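Read off the chains here:
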Amino acid sequence: MCARRFLFIVFVLTLLVVGGAFALYQWGGQMLIRQAVPKGRFQAPPPSSAPEYDRLDAWIARPEIRDNASHWEPEGATIAARWWQASTFYIHPTTYLKRNRWNAPLSGDVDSDGRAELFVKSQASAFAWLGDVWAPRYRQAAYGAFLLNSSDAEQALDLAYADVRRAFEEFLRRIPPDDLIILAGHSQGARHLLRLLAERGRDLKPRLVAAYVVGWPVSVTADLPATGLTPCRNPDETGCVLSWQSFAEPANPSLILDAWEGTTSPSGGERRRTDMLCVNPITGSTGGAASPRANRGTLVPDGDLKSARVVPGLVGARCENGFLILDGEVPQLGPYVLPGNNYHVYDYALFWEAVRGDANGRTYQLWERVRSRRVRP
């Protein structure tokens with residue numbers, strides 16, 4: 001699919017793809033549940049359906065796949081000379097919209113596979129210029145799995161996570177042991193990333209540039225302690241976590257808060273709205289604020305929505321009560337702003353160049369620290 005078409009499709013489909021994961025938060029109701037939840041009970045797929053991550057066809061992006069989706073460059077993207085680098089492991093959001101099963105097949109569903117490629121292009125591309133991007137295919141939970149608190153849904157999410165974890169182990173086996181690492185995801189991908197950090201965060205911290213857990217609520221007190229990581233308090237910090245959820249004024253995140261507050265993290269902590277992590281992607285600081293002029297670039301589609309360019313100075317943002325509130329004239333990114341002025345669909349697009357710059361700066365900081373330790377007598 002040509003680059004001129006992919007953003008149009010991203011913007012058309014993302015409401016269903018990502019919004020489905022948050023549909024209960026946004027709309028609720030038994031009608032939605034009946035229309036979206038997979039039919040029947042969860043049935044574990046046969047072992048033969050499991051991905052073999054030593055094979056190229058189990059990945060959307062990895063170094064051996066030439067011209068993979070992460071290599072896409074929008075018009076106006078900034079390219080700077082650099083000698084530091086990092087390998088990125090990226091987990092795409094929900095792209096399987098059908099109801100015939102609780103987990104997507106690994107491949108073969110043309111629509112789901114195409115959407116996953118498009119998300120790698122529009123999100124993971126922000127990290128690609130720093131080094132290789134690894135983006136696995138995985139048996140993701142169908143978007144309806146997020147609409148019920150049931151054993152079927154939990155089993156579907158567990159299966160998806162098991163694939164992600166095995167893909168990550170293959171990623172670690174394949175990259176050099178001294179490579180710096182960036183971890184990134186969105187929506188369902190961010191949920192799996194948070195769980196992965198709880199298992200591996202402490203071990204990875206010395207080589208971790210940062211973890212971009214975007215578009216999923218993260219509790220500083222209930223979720224992060226299990227990871228051994230802290231929020232990114234400033235743009236020079238490494239081995240830390242960034243998370244944000246974007247809303248324009250007047251923002252109404254009550255449905256997200258009502259659904260999330262009081263839930264229990266895997267480590268047993270209770271999540272509270274006062275503890276939700278918000279790191280401003282423009283400033284790279286916890287609770288930060290920035291004017292539109294400080295934003296290095298928003299990914300803006302052309303009028304026909306067939307191509308996109310990076311435009312600086314359009315949208316500012318501030319962290320407020322755990323959410324990222326947009327300032328300035330928010331451009332027309334597409335027709336899929338969710339109820340409550342929720343810009344969840346555009347969490348990466350609003351700050352594409354800022355995310356790129358943030359990752360670059362943190363990679364440089366960690367590269368310098370590692371290099372100074374190696375040359376120290």
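Residues numbered from 1 in each chain as written. Predicted model: local features only at pLDDT ≥ 70, side-chain atom pairs only at ≥ 80, totals over all residues. Heavy atoms only, no water.

**Student:** I would appreciate a short explanation of the nonpolar core in the present structure.
**Tutor:** A general tendency of soluble globular proteins is for nonpolar side chains to be buried together. Core analysis: the biggest nonpolar cluster contains 93 residues, and F89, L183, Y212 and F351 have the highest contact counts within it. One finds A141, A156, L157 and L159 within the second-largest nonpolar core, a separate group that totals eight residues. (Core = buried A, V, L, I, M, F, W, Y, C linked by side-chain atoms within 4.5 Å. Buried < 20%, exposed > 50% of the residue type's maximum accessible area, 1.4 Å probe, protein only.)

**Student:** How should the sheet that holds strand β1 (residues 59–61) be read in this particular structure?
**Tutor:** Reading across from one edge, β1-β3-β2-β4-β5-β7-β6 is the order of the seven strands in this open sheet, with mixed pairing throughout. The strands lining the two open edges of the sheet, one partner per strand, are β1 and β6 (230–231). In the sheet, strand β4 (residues 181–186) pairs with strand β5 (residues 208–214) via six bridges, with the strands oriented parallel. If you follow L183 over to β5, its bridge partner there is A211. Contacts between helix α4 (residues 110–128) and the sheet are confined to β1, β2 (87–91), β3 (133–136), β4 and β5, with β2 contributing the most and set at about 150° to the helix. (Pairing = 2+ DSSP bridges. Helix = DSSP H or I, 4+ residues; strand = E, 2+ residues; numbered from the N terminus. Contact = heavy atoms within 4.5 Å. Axes fitted to C-alpha atoms, helices over the stretch in contact; angles between N-to-C directions.)

**Student:** I would appreciate a short explanation of the pattern of salt bridges in the present structure.
**Tutor:** A pair can form between side chains of opposite charge whenever their charged atoms are brought close. Per the counting criterion, the structure on display carries 20 salt bridges. The residue E170 makes a salt bridge to R174 at a minimum N-O spacing of 2.7 Å. Placement of the pair is E170 and R174 together in helix α5 (residues 151–174), with a separation of four residues, close to one helical turn. Here D358 and R362 are joined by a salt bridge, their closest N and O atoms 2.8 Å apart. Of this pair, D358 and R362 both sit in helix α8 (residues 352–375), separated by four residues, roughly a single helical turn. According to the relative accessible area criterion, R362 is buried, its value standing at 0%. By sharing partners, the salt bridges in this structure join E249, R318, E320 and D327 into a single network. (Salt bridge = Lys/Arg side-chain N within 4 Å of Asp/Glu carboxyl O.)

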